[in-house]
Amino acid sequence: MPHDQPTLGVTAPDQHRFELIHVAPEAPTWRLLMVPAMGMSARHYIDFAQALSTQNAEVFIHEWRGLGSSMYRASRQVDWGYRELLLDLEASSAVIQAQSSSKEAPLVVAGHSLGSQLGLLFAAMGPHAPIPAVCIAGGSPHYKAFPQPMRGGLRVLFELMPRLAQWVGHYPGQRLGFAKRESRSVMHDWAASGRTGRYAPAGVGVDLEAALNRYTAPILGIRMENDWFVPPGSLQCLLDKCPHAPTQTRMIDATGLGGRADHYRWMARPETTAQAIGEWAKNCILG
């Protein structure tokens, strides 16, 4: 699906190349790095970015490795995990700092679903000062944070999905109806956090759980009223990892969405969500 928004080229430390989609108002007062959900390319968030621009945000939409403008596609020969995804975010942040039109404006990292987890991990891990974070329809995948019968089903999925990805050479999400073509190590890291409730992906030279515990920047958790995929306990489980962060939560209901407020439908009518984030940024980030 083509788009006509400006882009910024990014090269990660392993030479992975991709593009940030750039959406900016005339006089931005803050900046936001948007991290998509698993299986969602950056271009799907352009309407959301444009809604955020009416809240005076300069928005940079990150590209998920393996999708859209990314030079890679997951295969038996091409694999990556959370380590590489976090390095991609570091590379995006560096480009934003170098090429943003509002370099002195505060930066916020926002993410949707799994993107909220990776965004929060990046925001907390340093060596930069803690970056404020927004978690949209996201939370911990730890099976104990979910009600029955989902809890039992997730325990089975977290065992089977990494094995399937290992057997095939990648996770064939487009055939299974969950996510898209994903790398086997991403599925391994995701399932491990679901089984244990901890973030400890291979190759990351930072204790991520300790980084979250030390995190002190503001967090906004946005829950969709009809989101069975991320129930309240899942969001709270993620927020509880940051006991020293000033945290607010906001529930988005169906008003103005033209239907249910679920895990994905908010993206079709993103103005309400953008307004909630803009109000939080004005009160908690811009002061």
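Just above, that's the structure.
So, here is what we can say about the structure in this document. (Residues numbered from 1 in each chain as written. Predicted model: local features only at pLDDT ≥ 70, side-chain atom pairs only at ≥ 80, totals over all residues. Heavy atoms only, no water.)

Here the focus is the pattern of salt bridges. Enumeration according to the criterion identifies six salt bridges in this entry. Here Asp 14 makes a salt bridge to Arg 65, at a shortest N to O gap of 2.8 Å. Highlighted residues: Asp 14 in the loop between strand E1 (7-11) and strand E2 (17-23) and Arg 65 in the loop between strand E4 (57-61) and helix H2 (82-99), separated in sequence by 51 residues. Using a relative accessible area of 35% as the deciding quantity, one classes Asp 14 as partly exposed. Note on Arg 65: relative accessible area 2%, which makes it buried. Of the charged contacts, one joins Lys 241 and Glu 209 as a salt bridge, the two residues approaching to 3.0 Å between their closest N and O atoms. Taken together, the residues span a long stretch of sequence, with Lys 241 in the loop between helix H8 (232-239) and strand E10 (247-252) and Glu 209 in helix H7 (residues 208-214) at a distance of 32 residues. Lys 241 sits in the buried class, given a relative accessible area of 12%. Given the relative accessible area of 13%, Glu 209 is considered buried. Overlapping salt bridges, with partners in common, bring together Asp 14, Arg 65 and Asp 88 in one network. (Salt bridge = Lys/Arg side-chain N within 4 Å of Asp/Glu carboxyl O. Helix = DSSP H or I, 4+ residues; strand = E, 2+ residues; numbered from the N terminus. Buried < 20%, exposed > 50% of the residue type's maximum accessible area, 1.4 Å probe, protein only.)

This part is about the sheet that holds strand E9 (residues 219-224). Spatially, E1-E2-E4-E3-E5-E6-E9-E10 is the arrangement adopted by the eight strands of the open sheet, whose pairing is mixed. Edge strands, defined here as strands with exactly one partner in the open sheet, are E1 and E10. The sheet shows a mean angle of 20 degrees between the axes of neighbouring strands, taken without regard to direction. Bridge count for strand E3 (residues 30-35) against strand E5 (residues 107-112) is five bridges, and the pairing is parallel. Looking across to E5, one finds that Arg 31 is bridged to Leu 107. Packing of helix H3 (residues 114-125) onto the sheet brings it into contact with E3, E5, strand E6 (133-136) and E9, and relative to E5 it is tilted by some 150 degrees. Each of E6, E9 and E10 is contacted by H8, which is oriented at about 170 degrees to E9, the strand it contacts most. (Pairing = 2+ DSSP bridges. Axes fitted to C-alpha atoms, helices over the stretch in contact; angles between N-to-C directions. Contact = heavy atoms within 4.5 Å.)

All right, on to the side chain of His 263 then. Along the polypeptide, His 263 turns up in the loop between E10 and helix H9 (271-285). By relative accessible area, His 263 is classed as buried at 4%. A polar side-chain atom of His 263 sits 2.9 Å from a polar atom in the side chain of Ser 113. A distance of 2.9 Å separates the side chain of His 263 from the side chain of Asp 227, its partner in a polar contact. (Polar contact = N/O pair within 3.5 Å; in protein donor to acceptor, adjacent residues only side chain to side chain.)

So, about H9. Counted at 1.5 Å a residue, the expected span for H9 with its 15 residues is 21 Å, and the 20 Å between its end C-alpha atoms agrees. Those residues of H9 that are buried lie in contact with E3, helix H1 (46-53), E5, E6, E9 and E10. Downstream of H9 by one or two residues, Gly 287 has phi in the positive range, about 65 degrees. (Expected span 1.5 Å × (residues − 1).)

Attention now moves to the environment of Ser 101. Examined against the element boundaries, Ser 101 turns out to sit in the loop between H2 and E5. Residue classification places Ser 101 among the exposed positions, given a relative accessible area of 54%. Through-space distance from the C-alpha of Ser 101 to that of Glu 182 is 33 Å; in sequence the pair is 81 residues apart. Not counting residues up to four positions away in its chain, the partners in contact with Ser 101 are Pro 28 and Glu 58.

Before going further, it helps to spend a moment on unusual backbone geometry. Looking along the chain, the bond that leaves Gln 148 and enters Pro 149 is cis, with omega of 5 degrees. Considering the arrangement of structural elements, one finds Pro 149 in the loop between E6 and helix H4 (150-168). Residue Gln 15 is not a glycine yet carries a positive backbone phi of 75 degrees. One can find Gln 15 in the loop between E1 and E2. Residue Ser 113 is not a glycine yet carries a positive backbone phi of 55 degrees.

Further remarks concern the packing of H2 against H3. Look at H2 against H3: their axes get within 10 Å of each other, and the N-to-C directions meet at 65 degrees. One element, H2, and the other, H3, form an angle in the roughly perpendicular class. Here the hand of the crossing between H2 and H3 comes out right-handed. Here Tyr 82, Leu 85, Leu 86, Leu 89, Glu 90 and Ser 93 of H2 lie close against H3, whose contacting residues are Leu 114, Leu 118, Gly 119, Leu 121, Phe 122 and Met 125. The residue inventory of the contact of H2 with H3, partitioned by class, reads nine nonpolar, two polar and one charged. (Parallel < 35°, antiparallel > 145°, perpendicular 65-115°, else oblique. Left-handed = near helix turned anticlockwise from the far one by under 90°. Nonpolar A, V, L, I, M, F, W, Y, C, P; charged D, E, K, R; others polar.)

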